[in-house]
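So the chains spell out like this:
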Amino acid sequence: MAENLANKSDPKVDKGKTLAEEAVEQIKDQNTLFIDQRQEPYIAIRKTGGQVIKLTSKEFERWLRNFLIKKYKRFQGLDAIVDIVRTMLIYEAETGDEYHELNTRLCRVDDCQGNPLEIIYDTCDGLHAISITPESWSIQDVPIAFLRHRHQKPQSLPERHEDCSIELLRPLLSEFKDDREWLVVMAYICSLYIPNIPKPLLSISGDNGSGKTLTARRIVDLVECSSLESGLPVISNGQELMRLANKNAALLLDNLSNISLSLSDELCRICTGSSLAKRALYSDDDDWICQVCRPVIITGIPSTLVQREDLLDRTLPLKVSRISETKRRTQSELDSEFARLKPYLLGSIYNTLSKALKLLPSVKLEKLPRLADWYALSYAICESMDGHTGQEFVEAYKFILDRQTEIAVESSLVAQACRLLTSQTGTWEGTASQLHEIRLRYSGLADCVEDDTARCYLVNHPDWPRSPATLGKQLDRCKSTLESIGIKVKHGHYKYGQRWIELTDTNWKDGQSNEAKREVTQKSLC
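Residues numbered from 1 in each chain as written. Predicted model: local features only at pLDDT ≥ 70, side-chain atom pairs only at ≥ 80, totals over all residues. Heavy atoms only, no water.

Colleague: Outline the overall build of the protein, listing residues and values.
Modeller: Counting its secondary structure elements, the protein contains 17 helices and 18 strands. Counting over 526 residues, the protein shows a buried share of 49%. Put simply, 66% of the contacts in the protein that link residues at least 6 apart link residues at least 24 apart. Per element, the accessible surface of the protein, about 26,100 Å² overall, is 48% carbon and sulfur. (Helix = DSSP H or I, 4+ residues; strand = E, 2+ residues; numbered from the N terminus. Buried < 20%, exposed > 50% of the residue type's maximum accessible area, 1.4 Å probe, protein only. Contact = heavy atoms within 4.5 Å. Areas by Shrake-Rupley, 256 points an atom, 1.4 Å probe, with all protein chains shown as cover.)

Here you go:
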């Protein structure tokens, strides 16, 4: 009926063509119609990547309406013509041969071995993109490869020079007293430009007034210049968090007090890569599918903000100190200084990445920890930095992992209990029920405790597992943490008709003195 209305109300435009047919032909000639990796129809205005619009969106409806009004000066029956033209354009896009994969801010081209051959960064100004290759980097016209969102703002254009260091950024961030932490931060910032590599969650903790939020904003702003730079609040809805991650090159969750179990699981999936499929509309059964692998930065006061072992194993825990009053600077002063240095810093990052991409295929490390791809990439980045080496990163990252282990033990009552039990004799055997009760036995220490069997204070903690079955699950979760501090856990076999658990401290020495045992006892019992 709408087509009949268009035919009756509109005169023939050219050789018997209706206004709708003429508009479709002109739009096809002036623009590019294509589908993306999700088989969704899009249009690239003026055949460039400066403005890419989904054909089924409200944005395209506004664009098409303005196009028809400007071109034909017609208002009568406009709604019907818009519907006809959009339907015909969707058909042309879905049946055509044009295909482009769309990304958010960053895309990469790999070689036959899966190593990054080219990184393309969208500045979101509609004109420019940064191409980073193993040879060099350059500013080019933006290709049809990016989908922009309303919160994204144009990034500064880089300044070309030969420096491969971002040390100038350090005075504008929180105070990192340990140079090893700062080296890991620099490697992390540069790695944000390599998409589709699982990256650790960056957790910045510190006292009030330590500049945690400012530091996180600066790091995110270097890769994702956005109106959401102040950070997102805690989002308990996993689908909503995935939707936001799909529209951001990096996520910032600011000023968290705690992380729930569900949020912890969602952050694990986003950091290492996850998919989401849900109904596109309530009225039909079509699926909306997205796949994301995004870096996440969180800030908070407690150093034990991340407690779950699986998320902590993916975390870079950083500790910053409160800024003294003599060193504190105003926000406007810091913002203006950062804006002045930003083009230079971006040029330094691209210089470093170009050298790192050339070096990365030859990086062969004997030991690879969790998130091995990011670890190898960071090694190549530090090797490419002025004044640093890859071996320095290896030692610095080991320092971070040791802190990660300390936080994991401090956050797990079960891990603390196992360490306490093995500190007495080097080994402990028993059932999950016996471990749940935790009775400490000290021979020859009658002057320290009234009985040779005393109940551990951990049992009275409100977070202690309520049942042996729950304790067994938590023991499975902290098994890798215990092994990292030298305590081997062997369980699952049966002895005397019961499921048996064996704990062995490989670092324990038989020659420990009674004084050392007495010290452990006094610290452990209440």
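Colleague: Please give an account of the packing of helix H10 (residues 331–359) against helix H11 (residues 372–384) that cites residues and values.
Modeller: Between H10 and H11, whose axes approach to 8 Å, the crossing angle comes to 120 degrees. By the angle between their directions, the pair H10 and H11 is classed as oblique. The hand of the H10/H11 crossing is right-handed. When H10 is examined against H11, the residues Thr352, Leu353, Lys355, Ala356 and Leu359 are found in contact with a partner set consisting of Ala380, Ile381, Glu383 and Ser384. Broken down by class, the residue content of the contact of H10 with H11 amounts to five nonpolar, two polar and two charged. (Axes fitted to C-alpha atoms, helices over the stretch in contact; angles between N-to-C directions. Parallel < 35°, antiparallel > 145°, perpendicular 65-115°, else oblique. Left-handed = near helix turned anticlockwise from the far one by under 90°. Nonpolar A, V, L, I, M, F, W, Y, C, P; charged D, E, K, R; others polar.)

Colleague: So what about helix H12 (residues 390–411)? Which residues, and what values?
Modeller: Under the 1.5 Å per step criterion, the end-to-end length of H12 is 31 Å for 22 residues, consistent within 8% with the ideal 32 Å. Within H12, burial applies to Gly390, Phe393, Ala396, Tyr397, Ile400, Arg403, Gln404, Thr405, Ile407, Ala408 and Val409. The inward-facing, buried residues of H12 contact helix H5 (179–191), helix H9 (309–312), strand S13 (315–320), H11, helix H13 (413–425) and helix H16 (479–484). (Expected span 1.5 Å × (residues − 1).)

Colleague: With reference to specific residues and values, describe the sheet that holds S13.
Modeller: Pairing is parallel in the open sheet, where four strands are placed in the order S9-S12-S8-S13. The sheet terminates laterally at strand S9 (251–253) and S13, the two strands that pair on one side only. Strand after strand, the sheet turns through a mean of 20 degrees between neighbouring axes, direction not considered. Direction of pairing for strand S8 (residues 201–206) relative to S13: parallel, over a ladder of six bridges. Bridging across to S13, Leu202 finds its partner in Leu316. (Pairing = 2+ DSSP bridges.)

Colleague: Outline the pairing of strand S6 (residues 128–132), listing residues and values.
Modeller: Of all five residues in S6, four are buried, a share of seventy percent or more. Bridge count between strand S5 (residues 116–122) and S6: four bridges; the pairing is antiparallel. Pairing of Tyr121 across the sheet is with Ile130, part of S6. Hairpin connection of S5 to S6: five residues between the antiparallel strands, including Cys124 at a positive phi of 65 degrees. Two elements, S6 and strand S7 (residues 137–141), share five bridges in a ladder whose sense is antiparallel. Residue Ser131 lies in a different strand from S7, and its bridge partner there is Ser138. Linking S6 to S7, which pair antiparallel, is a turn of four residues.

Colleague: Break down the sheet that holds strand S4 (residues 106–110) for me, with residues and values.
Modeller: As summarised here, the arrangement of the four strands in space is S4-S5-S6-S7, forming an open sheet in which the pairing is antiparallel. At either end of the open sheet lies a strand with only one pairing partner, and these are S4 and S7. Averaged over neighbouring strand pairs, the angle between their axes works out to 25 degrees when direction is ignored. In this structure, S4 lies alongside S5, joined through five bridges in antiparallel fashion. Bridged to Val109 within S5 is Glu118.

Colleague: Tell me what's going on with the environment of Glu483, and back it up with residues and numbers.
Modeller: Mapping Glu483 onto the fold places it in helix H16. Look at Glu483 and you get partly exposed, because its relative accessible area is 44%. With 22 residues separating them in the primary sequence, Glu483 and Asp505 have C-alpha atoms 8.9 Å apart.

Colleague: Could you give an account of the side chain of Thr32, with specific residues and numbers?
Modeller: The residue Thr32 is located in strand S1 (residues 32–35) in this model. With near-sequence residues (within four places) excluded, Thr32 lies in contact with Tyr42, Ile43, Ala44, Lys47, Glu98 and Ile144.

Colleague: Could you give an account of the packing of aromatic side chains, with specific residues and numbers?
Modeller: Counting across every chain of the model gives 13 aromatic pairs. Aromatic pair Trp137 and Tyr350: ring centres 5.5 Å apart, planes at 65 degrees, arrangement edge-to-face. With Trp137 in strand S7 and Tyr350 in helix H10, this pair connects stretches of sequence that are 213 residues apart. The same class applies to Trp137 and to Tyr350, which are both buried. By way of ring pairs, the aromatic residues Tyr188, Trp374, Tyr375, Phe393 and Tyr397 are connected into one cluster. Looking at Arg180, its charged tip hangs above the ring of Phe399, at a distance of 3.8 Å from the centre. (Phe/Tyr/Trp six-rings, centres within 6.5 Å; stacked < 30°, edge-to-face > 60°. Lys NZ or Arg CZ within 6 Å of the ring centre and 35° of its normal.)

Colleague: Can you explain the pattern of salt bridges? Please cite residues and give values.
Modeller: A side chain of one charge can pair with a side chain of the opposite charge if their charged atoms are brought near each other. In the structure shown here, the tally under the stated rule is 23 salt bridges. Among the salt bridges present, the one from Arg308 reaches Asp265, with a minimum N-O distance of 3.8 Å. Residue Arg308 is located in the loop between strand S12 (296–300) and H9, and its partner Asp265 is located in helix H8 (residues 261–272); the two are separated by 43 residues in the primary sequence. For Asp265, a relative accessible area of 26% translates into the label partly exposed. (Salt bridge = Lys/Arg side-chain N within 4 Å of Asp/Glu carboxyl O.)

Colleague: So what about the confidence of the model for the protein? Which residues, and what values?
Modeller: Of the residues in the protein, 86% reach a pLDDT of 70 or more, and the chain-wide mean stands at 84. Contacts from residues 443–452, a stretch scored under 50 in pLDDT, to residues over four places away or in other chains number 13 contacts. In this model residues 511–526 is a low-confidence stretch, pLDDT under 50, and it forms 23 contacts with partners more than four residues away in sequence or in other chains. (pLDDT = per-residue confidence, 0-100.)

Colleague: I'd like a rundown of the nonpolar core, residues and numbers included.
Modeller: One finds Tyr193, Ile297, Ile349, Tyr350 and Phe393 to be the most contacted residues of the largest nonpolar core, which totals 63 residues. The dominant element in this core, judged by the number of residues it contributes, is H10, at ten residues. (Core = buried A, V, L, I, M, F, W, Y, C linked by side-chain atoms within 4.5 Å.)

Colleague: Give a detailed account of unusual backbone geometry, specifying residues and quantitative values.
Modeller: One can expect most non-glycine residues to show negative phi and most peptide bonds to be in trans. Of note, the phi angle at Lys47 is positive, near 60 degrees, even though the residue is not glycine. On the secondary structure map, Lys47 appears in the loop between strand S2 (41–44) and strand S3 (52–54). Accessibility expressed as a relative area gives 47% for Lys47, which makes it partly exposed.

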